[in-house]
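Listed below are the residues making up each chain.
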There are 2 protein chains.
Amino acid sequence: MSDDNITVEALARLENCDDPRLKLITTSVITHLHAVVREVEPTLEEWGQAIDFLTQVGHWCDDTRQEFILLSDTLAVSMLVDTLAGRKPESATESTVLGPFHLPNAPELSFGANISKDRIGEPTLVTGRVLSIDGTPIANAKLDVWQASAEGLYDVQEPERFPNMNLRGIFYTNGEGQFGFCTEKPASYPVPTDGPVGAMLKALGRPAMRPAHIHFMVSAEKYQSLTTHLFVRDDPYLKSDAVQAVKDSLIVEFKQLDNPVEAEQFGIPSPYFKVNEDFRLALAV
Amino acid sequence: MSDDNITVEALARLENCDDPRLKLITTSVITHLHAVVREVEPTLEEWGQAIDFLTQVGHWCDDTRQEFILLSDTLAVSMLVDTLAGRKPESATESTVLGPFHLPNAPELSFGANISKDRIGEPTLVTGRVLSIDGTPIANAKLDVWQASAEGLYDVQEPERFPNMNLRGIFYTNGEGQFGFCTEKPASYPVPTDGPVGAMLKALGRPAMRPAHIHFMVSAEKYQSLTTHLFVRDDPYLKSDAVQAVKDSLIVEFKQLDNPVEAEQFGIPSPYFKVNEDFRLALAV
């Protein structure tokens with residue numbers, strides 16, 4: 001069998017697949033995997049290294065660490081998927097990547113609750129509304145929120161310090177579409193470099209830093225769910241995000257305020273940072 | 001950032017990689033991964049399914065199971081790598097895939113030893129020589145041999161029955177380049193279908209069968225190592241091997257013989273099957 005025939009034959013073997021979408025995806029994957037092999041002509045040792053690398057990435061995945069998402073993110077595959085899948089009306093809030101640190105089952109918290117367990121970072125109040133693209137407030141929209149600490153670590157990266165969920169929470173909008181919560185100002189941080197993806201970045205001479213941000217998953221009945229970040233304006237890594245996830249419209253100001261009345265209302269000290277940002281959801285199709 | 005820019009930017013970030021080979025490989029991988037995403041336009045759910053699939057493949061890998069090799073094999077990536085990497089002088093024995101079942105540290109056995117622990121299958125004598133491509137016998141060449149049983153299972157697939165190595169052994173050629181060992185006639189078998197790759201084959205409507213074969217890794221100082229199979233002639237799956245690893249020159253006759261003298265010499269009953277096949281190694285470059 002010549003090397004051309006190998007690909008032809010591999011694709012021909014999909015003829016009995018009765019799932020046209022799966023067949024299309026597999027055809028594309030085989031075609032391009034084979035194209036990589038033809039371009040690169042890996043030695044058997046390099047093929048073995050690739051197998052070992054993927055195996056290691058798999059072994060690093062557990063309930064709190066998703067190294068394959070990190071791999072997808074750092075190769076900008078996630079961002080490309082997001083961009084192509086996330087085409088929405090222009091007035092809807094833009095999406096960005098999920099990232100490897102989302103956990104299901106964050107605690108449901110009431111309006112204004114503080115998701116920072118140790119309250120050591122700079123106090124920050126996040127408020128806003130969830131709206132439809134025509135500006136109508138959406139009541140009872142769900143916001144699943146998570147972020148790294150002021151030290152640039154997610155709770156799952158320091159489980160001895162935060163055995164339970166820290167800097168995570170689920171909030172629902174009130175009748176006016178409003179949400180609000182307290183937190184600490186997130187810091188920029190390196191993606192985890194202790195695993196195989198970190199070793200890959202190092203071998204590629206690539207910086208691992210991400211600009212500071214808060215993650216949001218916003219959902220409401222009859223609307224398209226939105227996975228996005230709010231990035232901290234003036235962060236030095238906005239242009240070099242290791243996962244290329246920054247969109248200009250998602251960069252927001254964390255405004256420093258000294259308003260003892262509002263601070264007391266939310267149980268945080270003044271001065272504090274405040275972000276006020278609305279999310280606009282497109283209707284489900 | 002437009003979707004075109006995402007790929008341009010991802011490739012630009014390799015500029016500080018000081019390993020030109022790694023840079024070339026990563027450039028090819030990113031280019032073609034992104035091409036798949038553009039062709040397929042996966043939904044976020046499909047992207048999540050791909051992440052889950054790869055994670056499962058990784059989780060199935062352990063010391064005796066290599067599901068990523070099985071994935072590479074069933075997508076014919078392994079065979080393409082083998083074909084491109086294995087270009088040797090025409091008179092050298094052809095290579096084929098390693099497969100997911102090789103174990104390091106098989107027992108070293110003496111000439112004529114029987115690698116079948118239960119002796120239940122059809123007795124088979126395998127003899128031959130290791131030669132250079134000009135026909136010179138190579139003394140002290142190493143043959144690492146492994147195969148599935150007469151029931152189509154590798155030892156690691158039934159660890160309760162064969163807690164130690166079964167149907168595996170390392171042999172060295174004598175001064176005339178000869179090797180010989182006894183075994184049971186291998187059977188055709190399905191690749192493991194209990195894991196994620198098996199689920200993939202099922203979803204693709206693809207048969208999982210491989211034609212019967214014995215694996216060999218043949219190596220000798222100053223020669224290129226050879227990883228190959230000997231396939232059983234007349235096997236019904238030679239044309240539909242699930243991993244596309246059959247090459248005509250590797251199909252050999254398992255000849256039925258009734259030779260009580262030879263059988264007694266090797267401690268097997270007569271009649272028995274005999275394969276006599278030489279391996280020709282190319283000089284190392």
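Every value quoted in this text rests on a predicted model; they were computed, and no experiment measured them.

Asks: Any chance you could explain the overall build of chain A here in plain terms?
Replies: Of the regular secondary structure elements, chain A holds 7 helices and 12 strands. Dimensions of chain A, computed from the C-alpha atoms along their principal axes, are close to 80 × 40 × 30 Å. Each of the 285 residues in chain A was classed as buried or not, and the buried ones make up 54%. Taking all contacts inside chain A whose residues are at least 6 apart in sequence as the whole, residues at least 24 apart take part in 71%. As displayed, chain A has an accessible area near 12,700 Å², and 52% of this comes from carbon and sulfur atoms.

Asks: Can you walk me through the pairing of strand 3 (residues 168–172) of chain B in this structure?
Replies: Residues in a regular strand point their side chains to alternate faces of the sheet. All names here are of chain B. Burial analysis of strand 3 places 4 of its 5 residues in the buried class, the great majority of the element. One ladder, built from 5 bridges, connects strand 2 (residues 142–147) with strand 3; its direction is antiparallel. In the sheet register, Val145 faces strand 3, and the bridge partner there is Gly169.

Asks: I keep staring at unusual backbone geometry and nothing clicks. Help me out?
Replies: Most peptide bonds are trans, and most residues other than glycine sit at a negative phi. All names here are of chain A. Put simply, Ser270 and Pro271 share a cis peptide bond, and its omega is 5 degrees. In this model, Leu167 sits at a positive phi of 60 degrees, which is unusual for a non-glycine residue. Within the secondary structure layout, Leu167 lies in the loop between strand 2 (142–147) and strand 3 (168–172). Leu167 sits in the buried class, given a relative accessible area of 1%. Notably, Lys222 is not glycine yet its phi reads approximately 75 degrees, a positive angle. Tracing the sequence through the fold places Lys222 in the loop between strand 7 (213–219) and strand 8 (226–232).

Asks: Whenever I open this one, the confidence of the model for chain A confuses me. Can you help?
Replies: Interpreting fine coordinate detail is not advised for predicted regions of low pLDDT. With 100% of its residues at a pLDDT of 70 or more, chain A shows a mean pLDDT of 96. This complex was scored by the predictor with a pTM of 0.93 and an ipTM of 0.93.

Asks: Explanation requested: the interface of chain A and chain B in the structure shown.
Replies: In many reports, interface size means the accessible area that the parts give up when they come together. With 67 residues of chain A at the contact, the number on the chain B side is 67 residues. Contact between chain A and chain B buries roughly 6,000 Å² in total, counting both sides, with carbon and sulfur atoms accounting for 66%. Considering only the surface of chain A that becomes buried against chain B, A:Arg13, A:Trp47 and A:Gln244 emerge as the three largest contributors, covering 12% of it. One can count 2 salt bridges joining chain A with chain B. Note that A:Arg21 is salt-bridged to B:Glu46, the shortest N-O span being 2.7 Å. Across the contact surface, chain A and chain B share 29 residue pairs in polar contact (both at pLDDT 80 or more).

Asks: What am I meant to see in the side chain of B:Gln147 here?
Replies: Residues and elements named next belong to chain B. With respect to the helices and strands, the residue Gln147 is situated in strand 2. Within the structure, the side chain of Gln147 is placed 2.8 Å from the backbone oxygen of Glu184, a separation counted as a polar contact. Ignoring sequence-local partners within four residues, the contact set of Gln147 consists of Ile115, Tyr154, Leu167, Thr183, Glu184, Lys185, Pro186, His213 and Ile214.

Asks: Where do I start with the environment of A:Phe68 in this structure?
Replies: Considering the arrangement of structural elements, one finds A:Phe68 in helix 4 (residues 67–74). Classification of A:Phe68 by relative accessible area gives buried; the value is 3%. For the pair A:Phe68 and A:Ile120, spaced 52 residues apart in sequence, the C-alpha to C-alpha distance is 32 Å. Not counting chain neighbours up to four residues away, the residues in contact with A:Phe68 comprise A:Leu54, A:Val57, A:Gly58, A:Cys61, B:Ile51, B:Leu54, B:Thr55 and B:Phe68.

Asks: Would you mind going over the sheet that holds strand 9 (residues 251–252) of chain B with me for this structure?
Replies: In a beta sheet, neighbouring strands pair by backbone hydrogen bonds and run either parallel or antiparallel. Here 5 strands make up an open sheet; going across it, the order is 3-2-7-8-9 (chain B) and the pairing mixed. Lying at the two open borders of the sheet, with one neighbouring strand each, are strand 3 and strand 9 of chain B.

Calculation notes
- Residues numbered from 1 in each chain as written.
- Chains lettered and ligands numbered in written order.
- Predicted model: local features only at pLDDT ≥ 70, side-chain atom pairs only at ≥ 80, totals over all residues.
- Heavy atoms only, no water.
- Helix = DSSP H or I, 4+ residues; strand = E, 2+ residues; numbered from the N terminus.
- Buried < 20%, exposed > 50% of the residue type's maximum accessible area, 1.4 Å probe, protein only.
- Contact = heavy atoms within 4.5 Å.
- Areas by Shrake-Rupley, 256 points an atom, 1.4 Å probe, with all protein chains shown as cover.
- Pairing = 2+ DSSP bridges.
- pLDDT = per-residue confidence, 0-100.
- Buried area = accessible area lost by both parts, 1.4 Å probe.
- Salt bridge = Lys/Arg side-chain N within 4 Å of Asp/Glu carboxyl O.
- Polar contact = N/O pair within 3.5 Å; in protein donor to acceptor, adjacent residues only side chain to side chain.

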